[in-house]
Amino acid sequence: RLSVAKGYSDSNDDDSTAYSSVASSVASSVSAIDLILDKFEKRRGFKFFQAAISIWAIVAVAKNLGVGKHVYLDPADEVEKEAHGLRLSHETGDRPRVALVRPFARSDADKLLKSFELWDSARPCGNYKTEWNLEDYTVYGDRYAEDERPIVDLVISFSGKSGDIEGYDTLSTIQELFDARNGWGGCFSEFVSFEAGINPEDDIYDHQPIQTNPHWVNGPNEQFRKNYRFIKNKGYASMIMMESDVQPQVDGWLDLALSEVKRNQPFAVLGSKYSGNSWDNFREEIPTALLDHINGNAIYNTTHPLLEKMVNELEKEKNTIFNAIPFDYRMSQMWTEGSKGIPSDFPFKSMIDPATGNPVVLDPKMNTFRQWYEEYGNEQPIKQAHVIENYGATNFLPQQVKGVPLVHGKGLYIPNDPSLHKITLVITDWQMDRANQLLEALDNNDHPFTEVVVMRTWKGWAELIKQNSENTGYMSKIYSILFGDDSDNSGELHGLSTKVRIVDRVAPEYMDLCEAPVETEYFMITNSYHRVAPDISHLMFTSGDVSSGIPSKPVIPYTPSEMDLCQEHVGCLETVKLGREIYPNLDKVVLDFEMVFETSTRNEFCKYWKGLYGQNGAKLHKSYGVVYSPEVPHGPSATSYTAYLYSLGIAESLFEFSDKSRQGSRDIFVKVLEDEEQSNFLLNWGDASTVNLRHKTKRIERKSKGEE
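Residues numbered from 1 in each chain as written. Predicted model: local features only at pLDDT ≥ 70, side-chain atom pairs only at ≥ 80, totals over all residues. Heavy atoms only, no water.

A. Broad picture of the pattern of salt bridges. One pass over the structure, following the stated rule, counts 28 salt bridges. Glu313 serves as the salt-bridge partner of Lys365, at 2.7 Å between the closest nitrogen and oxygen. Here Lys365, found in the loop between helix H13 (327-340) and helix H14 (366-376), pairs with Glu313, found in helix H12 (residues 305-316); they are 52 residues apart in sequence, far enough to count as distant. Of the two residues, Lys365 and Glu313, both sit in the buried class. The closest approach of N and O atoms between Arg456 and Asp504, which form a salt bridge, is 2.1 Å. Of this pair, Arg456 sits in strand E13 (residues 449-456) while Asp504 sits in strand E15 (residues 499-504), and the two are 48 residues apart along the sequence. For Asp504, a relative accessible area of 38% puts it in the partly exposed group. Several salt bridges share partner residues, and in doing so they unite Arg229, Lys232, Glu308 and Glu315 into one network. (Salt bridge = Lys/Arg side-chain N within 4 Å of Asp/Glu carboxyl O. Helix = DSSP H or I, 4+ residues; strand = E, 2+ residues; numbered from the N terminus. Buried < 20%, exposed > 50% of the residue type's maximum accessible area, 1.4 Å probe, protein only.)

Next up, the structure:
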């Protein structure tokens, strides 16, 4: 007899609904088997193998619909609920039961399936000693004795309803993996599936309208609330949330997580704060609740009363504007408001409250949250774990997370391999004493550049030599370029760890992107008012696949052209405008200093650009007339180069583009002389522009000196 139960549709519904469509399908299959057997008894001529094949086919159909001995959908009525809960609580004596919950929606079903591939190389339990010595292991807590270890079930949570074929295909496939690997080596006791029953029109997770649509995160919020109720009603002591982008890296990661649960009792939520770098340039502006928030991929103690209060509050807020805030951030707001007295701030300034038609003003709830803190604050119920690090949507490299058992992050890339790709650094120089500081920093740091090309202005070098007549130390190397001791006729600078070539420019400095004589496959460009970042290992490439002929390619950060960050700056708008003269559908802004230019396509782009705007951009300057903003590009740019590649249809075959607003980025070059750069940039630009602009920039300079 096949026992099939229906999906759990709402945590607040006590009455059971009708059997799901899958249950009906299986019930029909069972009836069909009964009919076949009945006919077999009555008709002597019916071949036995025909009956066997018929039964096999029907059972196969049932299994393909996700039904099997390990699948436990929510029980059909309260009697079954109680019986199932008792089985979970008492079957294993005093050992607590833990649910490792892996949620998915239709949109990320493939990602969830692919994520299980990592479980073969980084097994959930056992063999931890292959990766961790005893000292490492004690960071996470004491290891459980075998007879005390919690019983862990693998719970796959589908956001949709039982009639969704794609959802059940995914559940069925994961169940087959579970069976084939013996519950990943016996780490898990049972396979449990659960459907949250969210209507397709409500199952929304869309970052595009994040600033305007109050329902943008409704799907994950509702799925979390229903997951919690499902797990709590089953009698599980803890819920480990593990989305498809949580990547295990070492054997025994589940054992380590369980040890942290044991060590940190009592707690309500145990997880990780944000470890990425998307906030580096404006961290002081980030609200405290966001800085302190524990990412949703965490361990939830379903027995702790504070967590129950928080989820109750989330359920009360589900039909209000509060539901526009992701559940994990909202929980942090509750605790921050109660523990630190900081009122919750609505993060989306452009959003309109549908209930009022006005900008959002959150209702104050500090008194409620303060009571929670007074009751549970001494326990420190919101705690950080060692077992997981949260990089969110931020890109990262393996060495950044080496040794971390679990990493939550979207983009795992590899550092540049110099044996595969050689990269030149082009330095735009105005005053050689400034290039000196960059070259010296390069010589003392690890970096990915095999060669450096300095595009110099002769006047700057002459002044440098005059001011450094003693020519001692590092400056003697620079001096030798002019007087021959350590250089050859090519202008190459010797005595440094990296090959350096000095090139006298024959065009305005804003043409360096096109005029630099690069010999390697790739190059980057900066100017002499910057230094290479101390840890430049974060120059990222995709891994590629040599056997399949898929090349490794650079990861290029960009800003979406329609973001407020771009729309509020003249320079960004003008850069996009020029790019769209080449490719009308351009939607990316790429900064010059963040682009890894592919040299051969750079050469073709520059021929195209000069044909469009003139040898040094004369047609561009004429069309713009007197341009007052120093941010407006007056030469070729990385954004125009990107537009050119898109116009040829080759951009995404050459580069992996990464949205900075979501995946973040780290500065390759750090600005150290910002004021000088701005002043010199204006003056040099003035020399190459109209008389009126020259007069304007000189007036700016006189004002800065207090001369007028």
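B. Representation of the state of the cysteines. All chains considered together, the criterion is met by 2 disulfides. The disulfide bridge from Cys125 ends at Cys187, spanning 1.9 Å between sulfur atoms. Residues Cys125 and Cys187 are joined through a disulfide that is left-handed, its torsion about the S-S bond being -95°. Here Cys187 lies in the loop between helix H8 (182-186) and strand E3 (191-195) and Cys125 lies in the loop between helix H5 (118-121) and helix H6 (134-137), a separation of 62 residues in the sequence. The two residues Cys125 and Cys187 agree in class, both being buried. One disulfide in the model links Cys514 with Cys606; its S-S distance is 2.0 Å. One disulfide, between Cys514 and Cys606, carries an S-S torsion of -90° and so falls in the left-handed class. Here Cys514 is found in helix H18 (residues 512-515), whereas its partner Cys606 is found in helix H21 (residues 599-613), with 92 residues between them in sequence. Each member of the pair Cys514 and Cys606 is classed as buried. (Disulfide = S-S within 2.5 Å.)

C. Expanded view of the sheet that holds strand E7 (residues 299-301). If you trace the 7 strands from one edge of the open sheet to the other, you get E3-E2-E1-E4-E7-E6-E8, paired in mixed fashion. Whereas interior strands pair on both sides, the edge strands pair on one side only; in this sheet they are E3 and strand E8 (382-384). Along the sheet, successive strands turn relative to each other by an average axial angle of 25°, direction set aside. Across 3 bridges, strand E4 (residues 238-241) lies against E7 in antiparallel orientation. (Pairing = 2+ DSSP bridges. Axes fitted to C-alpha atoms, helices over the stretch in contact; angles between N-to-C directions.)

D. Highlighting the sheet that holds strand E19 (residues 555-560). If you trace the 3 strands from one edge of the open sheet to the other, you get E20-E19-E22, paired in mixed fashion. Edge positions in the sheet fall to strand E20 (588-589) and strand E22 (656-659), since each has one partner strand and no second. Relative to E20, E19 runs antiparallel, the two being bridged by 2 bridges. The residue bridging Pro560 from the neighbouring strand is Lys588, located in E20.

E. Fine view of the environment of Glu652. Its place among the elements puts Glu652 in helix H24 (residues 651-654). Separated by 2.9 Å, the side chains of Glu652 and Tyr646 make a polar contact. (Polar contact = N/O pair within 3.5 Å; in protein donor to acceptor, adjacent residues only side chain to side chain.)

F. Spotlight on the pairing of E19. Burial within E19 is extensive, with 6 of its 6 residues counted as buried. Going residue by residue along E19, you find Val555, Pro557 and Thr559 tucked away on one face and Ile556, Tyr558 and Pro560 tucked away on the opposite face as well. In the sheet, E19 pairs with E22 via 4 bridges, with the strands oriented parallel. Residue Val555 lies in a different strand from E22, and its bridge partner there is Glu656.

G. Representation of the packing of aromatic side chains in the model. For the structure on display, the rule yields 27 aromatic pairs. A ring pair is formed by Tyr522 and Phe541, whose centres lie 6.0 Å apart and whose planes are at 80°; its orientation type is edge-to-face. One end of the pair, Tyr522, is in strand E16 (residues 522-527); the other, Phe541, is in strand E18 (residues 540-541), with 19 residues separating them in the sequence. On the basis of relative accessibility, which here comes to 1%, the residue Phe541 falls in the buried class. Aromatic pair Tyr608 and Tyr644: ring centres 5.2 Å apart, planes at 40°, arrangement tilted. In this pair, Tyr608 sits in helix H21 while Tyr644 sits in helix H23 (residues 638-648), placing the two residues 36 residues apart along the sequence. Using a relative accessible area of 32% as the deciding quantity, one classes Tyr608 as partly exposed. A relative accessible area of 9% places Tyr644 in the buried class. Cluster of aromatic residues (ring-pair linked, three or more members): Phe523, Tyr583, Phe597, Phe605, Tyr608, Tyr641, Tyr644, Tyr646, Phe655 and Phe657. For Arg102, the ring lying beneath its charged end belongs to Phe116, and the centroid distance is 4.8 Å. (Phe/Tyr/Trp six-rings, centres within 6.5 Å; stacked < 30°, edge-to-face > 60°. Lys NZ or Arg CZ within 6 Å of the ring centre and 35° of its normal.)

H. Examining the confidence of the model for the protein more closely. Here the protein averages 76 in pLDDT, and 69% of its residues register 70 or above. Contacts for the low-pLDDT stretch residues 682-705, under 50 throughout, to residues beyond four places or in other chains number 26 contacts. (pLDDT = per-residue confidence, 0-100. Contact = heavy atoms within 4.5 Å.)

I. Summary view of the packing of helix H9 (residues 218-233) against H12. In contact at an axis separation of 10 Å, H9 and H12 are set at 135° when each is read in the N-to-C sense. Classed by the angle they form, the pair H9 and H12 counts as oblique. Our pair here, H9 against H12, has a crossing hand that is left-handed. Contacts between H9 and H12 pair Phe224, Arg225, Tyr228, Arg229 and Lys232 from the former with Leu307, Glu308, Val311, Asn312, Leu314 and Glu315 from the latter. (Parallel < 35°, antiparallel > 145°, perpendicular 65-115°, else oblique. Left-handed = near helix turned anticlockwise from the far one by under 90°.)

J. Geometry of the side chain of Ser339. Along the chain, the position of Ser339 falls in helix H13. Here the side chain of Ser339 touches Trp335 through a polar contact of 2.7 Å, landing on its backbone oxygen. Once you skip the residues sitting within four places of it in the chain, Ser339 turns out to touch Arg370 and Tyr373.

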